[in-house]
Amino acid sequence: MDAPSAPPTQAPPLQAHVADGLAGAIGNTPLIRLRRASEATGCEILGKAEFMQPGGSVKDRAGLGIIEDAERRGQLVPGEPGIVVEGTAGNTGIGLTLVANARGYRSIIVVPHTQSREKLDFLRMIGADLRLVDPKPLRDPGHYVNTSRRIAEELAAKGERVIWANQFGNLANAAIHEATTGPEIWAQTAGRVDAFTCACGTGGTLTGVARALKARNPKLRIVLADPMGSGMYSWIKTGEVKAEGNSITEGIGQASAVPGNLEHGRDSIDDALQVTDPEALEQIFELQQHEGISVGGSAGINVAAAIKLARQMGPGHTIVTILCDGGARYQSKIFNPEFLRERGLPVPPWLA
Ligand code: PMP
């Protein structure tokens, strides 16, 4: 047998298809044709598989966009100590923490304790300094966003190199979707896309994608999808923020204020649709059972909205939406028969 050749003393240059670390692995997710939704409507309904991101959600993009923006401004310096502070429903905290780990920063992540156990466990697992708070209205100083801003201000006053990521107001969030998610959708459909719909937490995804797609085709329809308990549907329809009902979905909907990242895209948004939890759950369970695609609550809202939009527009259209995160992030809620029964919601037949 030949002796093994000596190991290379120097790493070979990266090939075009090799991702350069975590940052290079964020984005470029598949666009999946959703068979049943497409067949039921005579449209092509396509879901951007953001649940396949390294951190498991669409918010990896925002995490990368916000940290890279802070580095360009000199607020963080790669390899030197730095702290990223954020208030989040969980997914942005995961994206920020993974990118922070890759760059040598620490993260302090403030989350309401009502968010799914799976997200909180994941944050602890990856080393975030997790601070749980009670859910409070936005005007309350104890609200998770206000708490995170205060922590960042206190650290800055002590002379730490720290950023408050501020995903709701920081337009680096929408900008990364305008630079990546939107152009990816345009390229993946070869420009044959008639409409885009998704729900908004910060509005970063909707605004960024809307601006990118409208710049390429001003006739393309952009529709906000809203869960119950959120006032963004009425804001688009009437200009007034008015919320009714509630939802088990996480990370989407705003009851009282329009986030800066959503406001930034207002001129590109044509209409809004409201989706109930039972409508979203039907899509989540059917996607999982019949197409093997496991998604979380906001993706269910989005797919149900895409189907409603397809029925409004009629057959023959291509409609794109976002599959924001995966079902495994909500095993204790959306896939927990007890949790669902307590709320009078349908239970997936294979778990009943
Ligand atoms: N879905 C999930 C599960 C999320 O965590 C978020 C972000 N909070 C969104 C959707 C909404 O994304 P955006 O903040 O870009 O509006």
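Residues numbered from 1 in each chain as written. Predicted model: local features only at pLDDT ≥ 70, side-chain atom pairs only at ≥ 80, totals over all residues. Heavy atoms only, no water.

## Things to note about the site of the ligand
Point 1. Contacts to the ligand come from 15 residues, most closely from Lys59, Gly201, Thr202, Thr205 and Ser298.
Point 2. Within the side chain of Lys59, one N or O atom sits 2.7 Å away from an oxygen atom of the ligand.
Point 3. Here an oxygen atom of the ligand and a side-chain polar atom of Thr205 are 2.5 Å apart.
Point 4. In isolation the ligand offers 400 Å² of accessible surface; the protein chains occlude 97% of this area.
Point 5. For the shell around the ligand, the residue count by class is four nonpolar, eight polar and three charged. (Near = heavy atom within 4 Å. Polar contact = N/O pair within 3.5 Å; in protein donor to acceptor, adjacent residues only side chain to side chain. Areas by Shrake-Rupley, 256 points an atom, 1.4 Å probe, with all protein chains shown as cover. Nonpolar A, V, L, I, M, F, W, Y, C, P; charged D, E, K, R; others polar.)

## Section: the UniProt feature "domain: Tryptophan synthase beta chain-like PALP" (unreviewed entry) in the chain
Point 1. UniProt records the feature "domain: Tryptophan synthase beta chain-like PALP" (unreviewed entry) at residues 24-325, using the numbering of this structure.
Point 2. The distance from the first to the last C-alpha atom of residues 24-325 is 19 Å, and the span holds 44% helix and 17% strand. (UniProt positions renumbered as here; feature names shortened; annotations may be inferred. Helix = DSSP H or I, 4+ residues; strand = E, 2+ residues; numbered from the N terminus.)

## Examining the sheet that holds strand 5 (residues 129-133)
Point 1. What the four strands build is an open sheet, ordered 5-4-3-6; its pairing is parallel. At either end of the open sheet lies a strand with only one pairing partner, and these are strand 5 and strand 6 (162-164). Recorded for the sheet is a direction-independent mean angle of 15° between the axes of neighbouring strands. (Pairing = 2+ DSSP bridges. Axes fitted to C-alpha atoms, helices over the stretch in contact; angles between N-to-C directions.)

## Some remarks on the environment of Gln288
Point 1. By secondary structure assignment, the location of Gln288 is in helix 11 (residues 277-291).
Point 2. C-alpha separation for the pair Gln288 and Ala210, spaced 78 residues apart in sequence, amounts to 28 Å.
Point 3. With sequence-adjacent residues up to four places away left out, Gln288 is seen in contact with Ile293, Ser294, Phe335 and Trp350.
Point 4. Here the side chain of Gln288 touches Ser294 through a polar contact of 2.6 Å, side chain to side chain. (Contact = heavy atoms within 4.5 Å.)

## Section: the packing of aromatic side chains
Point 1. Scanning the entire structure with this criterion turns up two aromatic pairs.
Point 2. Consider the rings of Phe285 and Phe335, whose centres lie 6.0 Å apart with planes at 65°: the pair is edge-to-face. Note that Phe285 is positioned in helix 11 and Phe335 in the loop between strand 10 (318-322) and helix 13 (337-342), a separation of 50 residues in sequence. Here Phe285 and Phe335 have matching classes, each one buried.
Point 3. Seen in terms of ring centroids, Phe285 and Trp350 are 6.2 Å apart; in terms of plane orientation they differ by 90°. Their pairing is edge-to-face. Of this pair, Phe285 sits in helix 11 while Trp350 sits in the segment after helix 13, and the two are 65 residues apart along the sequence.
Point 4. When its relative accessible area of 7% is taken as the criterion, Phe285 is described as buried.
Point 5. Feature note: the residues Phe285, Phe335 and Trp350 constitute an aromatic cluster, connected by ring pairs. (Phe/Tyr/Trp six-rings, centres within 6.5 Å; stacked < 30°, edge-to-face > 60°. Buried < 20%, exposed > 50% of the residue type's maximum accessible area, 1.4 Å probe, protein only.)

## Some details on the environment of Gly127
Point 1. Following the sequence through the fold, Gly127 ends up in the loop between helix 5 (117-125) and strand 5.
Point 2. Looking at Gly127, the relative accessible area reads 52%, which means it is exposed.
Point 3. On a C-alpha basis, the gap between Gly127 and Glu279 in space is 36 Å, while along the polypeptide they are 152 residues apart.

## Digging into the pattern of salt bridges
Point 1. Enumeration according to the criterion identifies 19 salt bridges in this entry.
Point 2. Residues Asp129 and Arg131 are paired through a salt bridge, measuring 3.0 Å at the closest nitrogen-oxygen approach.
Point 3. For Arg221, the salt bridge is made with Asp271, and the minimal N-O distance between the two is 3.6 Å. On the criterion of sequence distance, the pair formed by Arg221 in strand 8 (residues 221-227) and Asp271 in strand 9 (residues 271-275) is long-range, its members being 50 residues apart.
Point 4. Residue classification places Asp271 among the buried positions, given a relative accessible area of 14%.
Point 5. Ionic contacts of the salt-bridge type, sharing partners, join the residues Lys48, Glu50, Arg61 and Glu184 into one network. (Salt bridge = Lys/Arg side-chain N within 4 Å of Asp/Glu carboxyl O.)

## Regarding the domain arrangement of the chain
Point 1. Domain parsing of the chain yields domain 1 (21-56 + 181-342) and domain 2 (59-164).
Point 2. Here the C-alpha centre of domain 2 lies 24 Å away from the C-alpha centre of domain 1.
Point 3. Taken together, the contact pairs 26 residues of domain 1 with 19 residues of domain 2.
Point 4. The contact between domain 1 and domain 2 buries some 1600 Å² in all, and 51% of this surface belongs to carbon and sulfur atoms.
Point 5. On the surface where domain 1 and domain 2 come into contact, there are three salt bridges.
Point 6. The salt bridge involving Lys119 is made with Glu250; its shortest N-O contact spans 2.8 Å.
Point 7. The interface formed by domain 1 and domain 2 holds 13 residue pairs in polar contact (both at pLDDT 80 or more) in total.
Point 8. Among the residues making up the side of domain 1 that touches domain 2, the classes are represented as seven nonpolar, 12 polar and seven charged. (Domains from an automatic or database assignment. Buried area = accessible area lost by both parts, 1.4 Å probe.)

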